[in-house]
Amino acid sequence: FEMDGIIPSVHHFQGGNVSPALAWVGAPAGTMSFGVYFHDLDFQPQGYPYRHSAIWNIPADVEGLPQGIEMSAPPSDVPRATQCLYWVGESGYGGPGSASNTYEFIIYALDVAELSEVDAASDLAEVKTALDAHALDAATLSGQTEGPP
């Protein structure tokens, strides 16, 4: 999907919960790895965007993620990367749960090859804090889900 476009139903939690393919170019000098954080901008029950999922320790020579990343803490289709439990308590991508909210993917260029302060057992708030602390730069991709099929 494109910026501010419609997130297809296959990426919705009830539509298959398949992570979207993402691509990036132009990482800043000194980038040692990437991380991607996904949240709901409209649903803020505790005063901040609702956390959905994250993947990090993506090697610096990788320029994107495939669609449908394996739902495991170290996904085999993104070597050396780590993901934690998503919003329903399973490892991997946790897709949109609403048919009308705006969702945002934040792609981080990081100053470390590995975020050693977080792991697959960390919660999403800890991961977001670590990503923010090590960000050389970040870009966002947002869209609204068309909901479940």
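Refer to the structure printed above.
Quick summary incoming for the structure in this document. Keep in mind it's a predicted model, so treat the numbers as computed, not measured. (Residues numbered from 1 in each chain as written. Predicted model: local features only at pLDDT ≥ 70, side-chain atom pairs only at ≥ 80, totals over all residues. Heavy atoms only, no water.)

Thoughts on the overall build of the chain
Inclusion rule: The way it works is that DSSP assigns letters per residue, a run of H or I at least four long becomes a helix, a run of E at least two long becomes a strand, and they are numbered from the N terminus. Every radius of gyration here is taken over C-alpha atoms, with the globule rule written as 2.2 Å times N^0.38, N being the number of residues. Only protein chains enter the area calculation, which uses a 1.4 Å probe; residues under 20% of their type maximum are buried, those over 50% are exposed, and those in between are partly exposed. Throughout, a contact is declared for two residues whenever any of their heavy atoms are within 4.5 Å. Here the Shrake-Rupley method, with its probe set to 1.4 Å, supplies the accessible areas, and only the displayed protein chains count as covering residues.
Looking only at helices and strands, the chain has one helix and eight strands in total. In summary, the chain has a C-alpha radius of gyration of 14 Å against a globular reference of 15 Å for 149 residues, a match within 12%. Its C-alpha atoms give the chain principal-axis dimensions of about 40 × 30 × 30 Å. Considering the chain as a whole, with its 149 residues, one finds that 45% of them fall into the buried category. If you take every contact in the chain between residues at least 6 apart in sequence, the share linking residues at least 24 apart comes to 70%. A total of about 7,000 Å² of accessible surface is found on the chain, and carbon and sulfur atoms cover 52% of it.

Looking at helix α1 (residues 124-133)
For clarity, the threshold we go by: By definition, the arc is the one covered by directions from the helix axis to the C-beta atoms. Polar contacts, as counted here, are pairs of nitrogen or oxygen atoms within 3.5 Å of one another; within protein the pair requires one atom able to donate a hydrogen and one able to accept it, and residues that are adjacent in sequence qualify only if both atoms are side-chain atoms.
Among the residues of α1, Leu 124, Val 127, Ala 130 and Leu 131 are the ones counted as buried. All buried residues of α1 fall inside an arc of 120° around its axis, so they share one side. Summarising the geometry of α1, the exposed residues directed more than 90 degrees from the buried face are Thr 129 and Ala 133. Contacts made by the buried residues of α1 are with β3 (33-40), β4 (50-59), β7 (102-110) and β8 (135-145). A side-chain oxygen of the first residue of α1 lies 3.1 Å from the backbone nitrogen of Ala 125; this N-cap is Asp 123.

Comments concerning the nonpolar core
Here is the rule: Residues belong to a common nonpolar core when they are buried Ala, Val, Leu, Ile, Met, Phe, Trp, Tyr or Cys residues joined through side-chain atoms within 4.5 Å.
One finds Trp 24, Val 36, Ile 55, Ile 58 and Leu 65 to be the most contacted residues of the largest nonpolar core, which totals 18 residues. At the level of secondary structure, the elements contributing two or more residues to this core comprise β3, β4 and β7. Per-element tally for this core: the top contributor is β7, with four residues. Beyond its immediate chain neighbours, meaning those up to four positions away, Ile 55 contacts Gly 35, Val 36, Leu 65, Ile 69, Pro 75, Val 78, Ala 81, Thr 82 and Gln 83. The next biggest cluster of nonpolar side chains, apart from the first, holds 13 residues, and it includes Ala 54, Trp 56, Val 118 and Val 127.

Considerations on the side chain of Thr 82
Along the chain, Thr 82 falls in strand β6 (residues 82-83). By relative accessible area, Thr 82 is classed as buried at 16%. Contacts of Thr 82, omitting those with residues within four sequence positions, involve Ala 54, Ile 55, Trp 56, Asn 57, Ala 73, Asp 119 and Ala 120.

Regarding the side chain of Glu 104
Basically, it comes down to this: Charge counting treats Lys and Arg as positive and Asp and Glu as negative, with His and both chain ends excluded. What makes a salt bridge here is a side-chain nitrogen of Lys or Arg within 4 Å of a carboxyl oxygen of Asp or Glu, nothing more.
Its place among the elements puts Glu 104 in strand β7. An unpaired buried charge is present at Glu 104: no salt bridge exists, and Lys 128, the closest side chain of opposite charge, is 7.2 Å distant. A distance of 2.8 Å separates polar atoms of two side chains, one belonging to Glu 104 and the other to His 39. Each residue touching Glu 104, except ones within four places of it in the same chain, is listed here: Tyr 37, Phe 38, His 39, Leu 41, Thr 140, Leu 141 and Ser 142.

Remarks on the environment of Lys 128
When you line up the elements, Lys 128 lands in helix α1. The spacing of Lys 128 and Trp 24 is 104 residues in sequence and 19 Å in space, taken between C-alpha atoms. Lys 128 has contacts with Tyr 37, Ile 106 and Tyr 108, leaving out every residue within four places of it along the chain. Side-chain polar atoms of Lys 128 contact the side chain of Tyr 108, separated by 3.2 Å.

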